[in-house]
Amino acid sequence: MPIIRQGSLFGIQELYDLEPTQRFDAIFSTIDMDSAILAVSKKSWLGAPAELNYAAMIYSMAARIVERIPTIKVLVKRLENDFIFRLECGFLISDNIPSEASYSRLTSKLAETEIIENINSTTLLQAIKEGFVHDENVAIDACHFEARDQAPVQEKKAKPEPKKRGRKKKEEKEQYDQQKLEEEQNKTLFEKPIAEQLDVSLEELRSEIPIEPAWSIKKNSEGKNVFWYGYKAHLAVGTKSQYILQSIMSSGNLNDGKAAIPLLKGIEKLPLSIKYGTMDAGYDYTPIYQQLLRMDAHSIIAYNKRREGEMEGYDKHFAPTCVREHSYRYDSYDKKYKTIKYCRPKECKNCPLASDSLCQKIYKVKIESDLRKYTAPARGSKRWKSLFAERTAVERVNAYLKEFFQLNNVRHRKGKKAKLHFDLVTLVYNASKLAVDRIRKMLDIQLKQAA
């Protein structure tokens, strides 16, 4: 009887169970920090010589997330007392150990640039090039994390004067209309409706995202309101590979749906063929469906009923029903005409009205007639449910970032530095995924050679 060899199972937990030297070598080999080192290094040979090893300092900031070191103060003590850890981060024996102030200055320099975000993009492209990312379904969701600083005391607003009853005078009406027009023109892109984002470039969208901490509220699984002061992490994750394909940090009060189009536009620029966008009911907005349609992808978004009555002749999934209220079955999707095909229900086989003109054999519906209601595959079908179930991938990654990669441990008070922390967390996560995939591939090759 032949021996069946199972493929090697190697995950992030096994990576973190390795010896520190092997773990750091595996993760750091996936990150190209040259651009970050160039940005913070001394530009001229004139003046006082550089006394700090900036390359090692940047790697030690990544090592702090890997080793779950809570603060920079503890990191400096670890570097002073752990000689092996110091060498693993890239410090030479002759190098001075940087102080907390040195790390603070380095953080300020990096926070003014987008270098860590760009390095994360380079790491993702390398994973795609090596064949580890080949997702067709992308899941989008947001999670919150608290700011380091306390919320400022809000000033009590004066009670507005009671409005006069009746119509405004002509002069008052003109003044009121002018005031409303000025308020609308002064709104930022993310204060306007989501539809305004459709024809705006990705660079402009990302540059206008608010990143300062703010109060926000959401309902938990028990239906109770949860308040927090801080930020939101918006992630687009490949449901199979579980790589973070796109990430955005915003103020805590930004609506989840307003970050979806920037994430989708970022995915559109990747060398991937995404077929489905999977999201919960918080993203049920027509412009998001339109953006996915522009990308030639299908929407797998939970429907959010908004004071809408029941549609006569249709079930809860908007499939047509027969005279006896049996739902028609989803059959197929015609890509050329963008049409969903429904077939007669099974219950109609022995129905006395089957041959009646009231009972139609086939229904065809164009998805563009109502993008929210009609998707391919159709709502309620087995294929739609299986694709929507893959959305748990992004929830899993959210939990990983909070529990193992210190997303919740923001040690900065300003939005720019908090964003640097967020970018570093997502970079280390993707780098760890790439390191795991490389080790798994190497083990599979060894198993095949041994067979």
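Read on for an overview of the structure. Computed from a prediction, not measured in an experiment: that's the story for all the values here.

Definitions and limits used
- In every chain, residue numbers begin from 1 and rise along the written sequence.
- This being a predicted model, a pLDDT of at least 70 is required before a residue's local features are given, and a value of 80 or more before pairs of side-chain atoms are given or counted; all residues contribute to the totals for chains, interfaces and linings.
- The side-chain numbers reported here are obtained from all heavy atoms of the structure, hydrogens and water having been left aside.
- Here, any two strands with at least 2 DSSP bridges between them count as paired.
- Secondary structure elements follow DSSP: runs of H or I of four or more residues count as helices, runs of E of two or more count as strands, with numbering from the N terminus.
- Axes, fitted as lines to C-alpha atoms, cover a helix only where it is in contact. Angles between the N-to-C directions of the axes lie from 0 to 180 degrees.
- Each nonpolar core is a collection of buried residues, namely Ala, Val, Leu, Ile, Met, Phe, Trp, Tyr and Cys, held together in the definition by side-chain atoms within 4.5 Å.
- The buried label goes to any residue with under 20% of its type's maximum accessible area, the exposed label to any with over 50%, and the partly exposed label to all in between, with areas taken from a 1.4 Å probe on protein chains only.
- The criterion used for residue contact is that any of the two residues' heavy atoms lie within 4.5 Å.
- Under the convention used throughout, the expected extent of a helix is 1.5 Å for every residue step, that is, one less than its residue count.
- Here, the arc refers to the directions that run from the helix axis to the C-beta atoms.
- Think of it this way: a Phe, Tyr or Trp ring, Trp meaning its six-membered ring, pairs with another when their centres are within 6.5 Å, and the plane angle makes it stacked under 30 degrees, edge-to-face over 60, tilted otherwise.
- Working rule: Lys NZ or Arg CZ, within 6 Å of ring centre, within 35 degrees of ring normal, means a charge sits over the ring.

All right, on to the sheet that holds strand 9 (residues 362–366) then. Judged by pairing direction, the sheet is antiparallel, and its three strands sit side by side in the order 7-8-9 without closing on themselves. Strands at the two margins of the open sheet, each flanked by one partner only, are strand 7 (329–334) and strand 9. This sheet shows a mean twist of 25° between the axes of neighbouring strands, independent of strand direction. Where strand 7 meets strand 8 (residues 339–343), five bridges bridge the pair, whose relative direction is antiparallel. Pairing of Ser332 across the sheet is with Lys341, part of strand 8.

Turning to the nonpolar core, a few remarks are in order. Core analysis: the biggest nonpolar cluster contains 64 residues, and Ile27, Met33 and Leu401 have the highest contact counts within it. The element best represented in this core is helix 15 (residues 415–450), accounting for twelve residues. Leave out the neighbours within four places in its chain, and Met33 touches Ile58, Tyr59, Ile119 and Leu427. Among the nonpolar cores identified, the runner-up in size contains 39 residues, and Ala259, Leu272, Tyr283 and Ile301 belong to it.

The side chains of a regular strand alternate, residue by residue, between the two faces of the sheet. Burial of strand 3 (residues 225–238) is extensive: eleven of the 14 residues sit out of reach of the surface. Pairing geometry for strand 1 (residues 137–146) and strand 3, over nine bridges, is antiparallel. Note on strand 3: the bridge partner recorded for Ala139 is Val237. In textbook terms, the turn of a hairpin is the stretch between consecutive antiparallel strands, and for strand 2 (residues 214–219) and strand 3 this stretch comprises five residues, one of which, Gly223, has a positive phi near 85°. Across seven bridges, strand 3 lies against strand 4 (residues 244–251) in antiparallel orientation. When the sheet's bridge partners are listed, Lys232 is paired in strand 4 with Ser250.

Residue Pro377 follows Ala376 across a cis peptide bond; omega there is 0°. The backbone phi angle of Arg68 is positive, close to 55°, even though this residue is not glycine. For Arg68, the location among the structural elements is in the loop between helix 4 (54–66) and helix 5 (72–81). The class for Arg68 is partly exposed, based on a relative accessible area of 41%. The backbone phi angle of Gln242 is positive, close to 65°, even though this residue is not glycine. Tracing the backbone shows Gln242 in the loop between strand 3 and strand 4.

For helix 14 (residues 392–403), with twelve residues, the first-to-last C-alpha span of 16 Å sits near the 16 Å given by 1.5 Å per residue. Listed in full, the buried residues belonging to helix 14 are Ala393, Val394, Val397, Asn398 and Leu401. With its buried residues spanning 140° around the axis, helix 14 presents them on a single face. Residues of helix 14 that are buried sit in contact with strand 1, strand 3, strand 4 and helix 15.

Before going further, it helps to examine the packing of aromatic side chains. The description of an aromatic ring pair rests on the distance of the ring centres and on the angle between the ring planes. As enumerated under the stated definition, the model contains eleven aromatic pairs in all. Measuring from ring centre to ring centre gives 5.0 Å for Tyr328 and Tyr363, while their planes differ by 90°; the resulting arrangement is edge-to-face. Within this pair, whereas Tyr328 is found in the loop between strand 6 (298–301) and strand 7, its partner Tyr363 is found in strand 9, the two being separated by 35 residues in sequence. Judged by centre distance (5.5 Å) and plane angle (80°), the rings of Phe405 and Tyr429 are edge-to-face. Here Tyr429 lies in helix 15 and Phe405 lies in the loop between helix 14 and helix 15, a separation of 24 residues in the sequence. Among the residues examined, Tyr429 registers a relative accessible area of 0% and is labelled buried. A network of ring pairs unites the aromatic residues Phe24, Phe28, Tyr59 and Phe85 as a single cluster. Lying across the ring of Phe85, Arg78 places its NZ or CZ 4.3 Å from the centre.

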